[in-house]
Amino acid sequence: MGRIYVYIAGPYSQGDVIENVRWAIDMAEILTDHGLVPFVPHLTALWAFRYAHEIHFWYDYDLSWLIHCDCLLRLPGESEGADAEVEFAKAHGMLVFNHVDDCLKWAQNQSKKRENCEWKYDEDMSAWETDCGQAWCLSNDGTLEENGVRFCHYCGRPIMAVAADVPEVEEDEDSAEA
């Protein structure tokens, strides 16, 4: 299964901070039990206890992580920060879930689609385009197999090439004589 990254958004400073952190960790544990990779911004609490920063430092920090996640799980409770994270996620085309069960159902469906990373060769770019949204150029001539490329360097899934391998390079007269 490909890795699915879930950002956990929820109350932090409204109410009991320690209880809010515990609740986020409990949700993270459920997600990891199902093979997902949660990001818990609440865990910066220890950092915040040691080093004071303005609230916007933390908002910027959290959004820097959120952009790399596949979806967001919104925990119940009032939170301006979590509401802003939800809006950010939606603005960037991410799914937002309000219940962990809905997130798990979606992730299970996604994992079936993510068993392999499809690589398609783009002759114009002389590069392989991946279904995880990246591109890769081989530094040597030859096929993916000849170059020992079996796993996607970006998502870690096994590669499934869905196009013909790199077209053969025509040799010029000088290289043919060597």
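Our subject in this report is the structure included herewith. Here the structure is a predicted model, which means the values were calculated and not measured.

What follows is about the environment of Tyr12. Relative to the elements of secondary structure, Tyr12 occurs in the loop between strand E1 (5-9) and helix H1 (17-33). Taking the C-alpha atoms as reference, Tyr12 lies 9.1 Å from Glu78; in sequence the two are 66 residues apart. Setting aside anything within four residues of it in sequence, one finds Tyr12 in contact with Val17, Asn20, Val21, His42, Ala45 and Ala48.

Evaluation of the coordinates by the stated rule reveals zero disulfides. Its sulfur unpaired, Cys117 is 3.8 Å from the next cysteine sulfur, which belongs to Cys152. Among the residues examined, Cys117 registers a relative accessible area of 0% and is labelled buried. For the unlinked cysteine Cys152, the closest cysteine sulfur is that of Cys132, found at 3.6 Å.

Let's shift gears to the nonpolar core. Counting residues in each nonpolar core, the largest one holds 18 residues, and the members touching the most others are Val6, Ile8, Leu31, Leu36 and Leu73. Elements supplying a minimum of two residues to this core: E1, H1, strand E3 (71-74) and helix H5 (100-113). When residues of this core are assigned to their parent elements, the largest contribution, five residues, is made by H5. Those residues in contact with Leu31 that lie beyond four places of it in its chain are Val6, Ile8, Leu36, Pro38, Leu73, Val100, Cys103 and Leu104.

About the cut-offs
- Residues numbered from 1 in each chain as written.
- Predicted model: local features only at pLDDT ≥ 70, side-chain atom pairs only at ≥ 80, totals over all residues.
- Heavy atoms only, no water.
- Helix = DSSP H or I, 4+ residues; strand = E, 2+ residues; numbered from the N terminus.
- Contact = heavy atoms within 4.5 Å.
- Disulfide = S-S within 2.5 Å.
- Buried < 20%, exposed > 50% of the residue type's maximum accessible area, 1.4 Å probe, protein only.
- Core = buried A, V, L, I, M, F, W, Y, C linked by side-chain atoms within 4.5 Å.

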